[in-house]
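These are the residues of each chain, in order.
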Amino acid sequence: MKKIILLFILFFFQTAFSQQAEIFKLKKYRIAVLNDSIQETSGLNFFDGKLYTFNDSGNPAELYEIDKNSGKILKVLKTNVENKDWEALTNDGKNFYIGDFGNNAGTRQHLKIYKIPFQNNQLQNDSIKTISFYYPEQKDFTSRNINTDFDLESMIYLNSKIHIFTKEWASKSTTHFTLDSENFENQAAEKIESYKTGFMISDAYYFDKKLYVVGYTKKTEVFLNIFNESEPEIFFKEKPRHLYLGSALTIGQIEGIAVDETGIYISGERFYSPIKKTKPFFYFIPKEKLQL
């Protein structure tokens, strides 16, 4: 009976909030269950047409090339840096950038991005550089587990800059900051703009002058927002297309998104709740299904 009541409550909240969004059933586009080695996938990124993912904290410091049609692991790329809490992956066509900046409690003062050259399908681990940064706006580092506005799981590379989008548990918003990708001193993240998403962003991707962000609420609602780049490097002046994808109870905890000319790839890590366990699913949405 308790499970039935909890399910009813979750359904009520999801229905009420999702009525404000375009309903899009992501589960219809499931193509695979991810390998046991990547059950905690935390992002996706295309590099020269090949799709890569990785795991977050507590897992090996490795990148995985996966087949975009099946989700199967094709290659494992080992690094010699720490995976304290990897949360995002992007590239500039020559280098991978791995964001080790997960900050659920808001206590981290040493946020970093690893810049790793990638040549001949190999990571150049002897040439790694570290981009360190901080938020000038953050003055208090008191632990506020999943109630901080300085968590971070999303970044893109654009116009020689790294663009990061905060995961704001308290405000249910995101703030867009930029970093100099060639500055290896401890730099201040530059605030550009903010947007009230209504959910916490878990990954972002830039393609064809659009910014795609996915994320979820504490009530397990999963959303996709698609923003237009209204001005160079500006995304939040116009309202986005806002889609409700389903509940993490059925589609998983969505953590990764990547986009190419064929459509949208989405990955979710395994999700545990008092009600059920959800497997780490891999999805593909053809562009014509979203009329992109």
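Remember, predicted model here, so these are calculated numbers, not experimental data. (Residues numbered from 1 in each chain as written. Predicted model: local features only at pLDDT ≥ 70, side-chain atom pairs only at ≥ 80, totals over all residues. Heavy atoms only, no water.)

Draft legend 1. Main features of the sheet that holds strand E22 (residues 263-269). One open sheet accounts for four strands, arranged E2-E25-E22-E21; its pairing is antiparallel. Two strands lie at the open edges of the sheet, namely strand E2 (30-33) and strand E21 (253-260), each paired on one side alone. Pairs of neighbouring strands in the sheet enclose a mean axial angle of 20°, with direction left out of account. (Pairing = 2+ DSSP bridges. Helix = DSSP H or I, 4+ residues; strand = E, 2+ residues; numbered from the N terminus. Axes fitted to C-alpha atoms, helices over the stretch in contact; angles between N-to-C directions.)

Draft legend 2. The pairing of strand E17 (residues 200-207), seen in detail. Most of E17 sits inside the fold, with six of its eight residues counted as buried. Inspection of the sheet shows E17 paired to strand E18 (residues 210-216) by seven bridges, in the antiparallel sense. For aspartate 203, the partnering residue across the bridge sits in E18 and is valine 214. (Buried < 20%, exposed > 50% of the residue type's maximum accessible area, 1.4 Å probe, protein only.)

Draft legend 3. Summary view of the environment of glutamate 229. Residue placement: glutamate 229 occurs in the loop between strand E19 (221-228) and strand E20 (241-247). A relative accessible area of 15% means that glutamate 229 is categorised as buried. Setting aside chain neighbours within four positions, we find glutamate 229 in contact with Leu158, Tyr206, Lys209, Ile234 and Phe235. Separated by 2.8 Å, the side chain of glutamate 229 and the backbone nitrogen of glutamate 233 make a polar contact. (Contact = heavy atoms within 4.5 Å. Polar contact = N/O pair within 3.5 Å; in protein donor to acceptor, adjacent residues only side chain to side chain.)

Draft legend 4. A look at the sheet that holds strand E6 (residues 73-78). Ordered by their spatial adjacency, four strands build an open sheet running E3-E4-E5-E6, and the pairing between neighbours is antiparallel. The open sheet terminates on both sides in strands that have one partner only, identified here as strand E3 (41-47) and E6. The mean inter-strand angle of the sheet, taken between neighbouring strand axes irrespective of direction, is 25°. When E3 meets strand E4 (residues 50-55), the two strands line up antiparallel, connected through five bridges. Bridge pairing in E4 links phenylalanine 47 to lysine 50.

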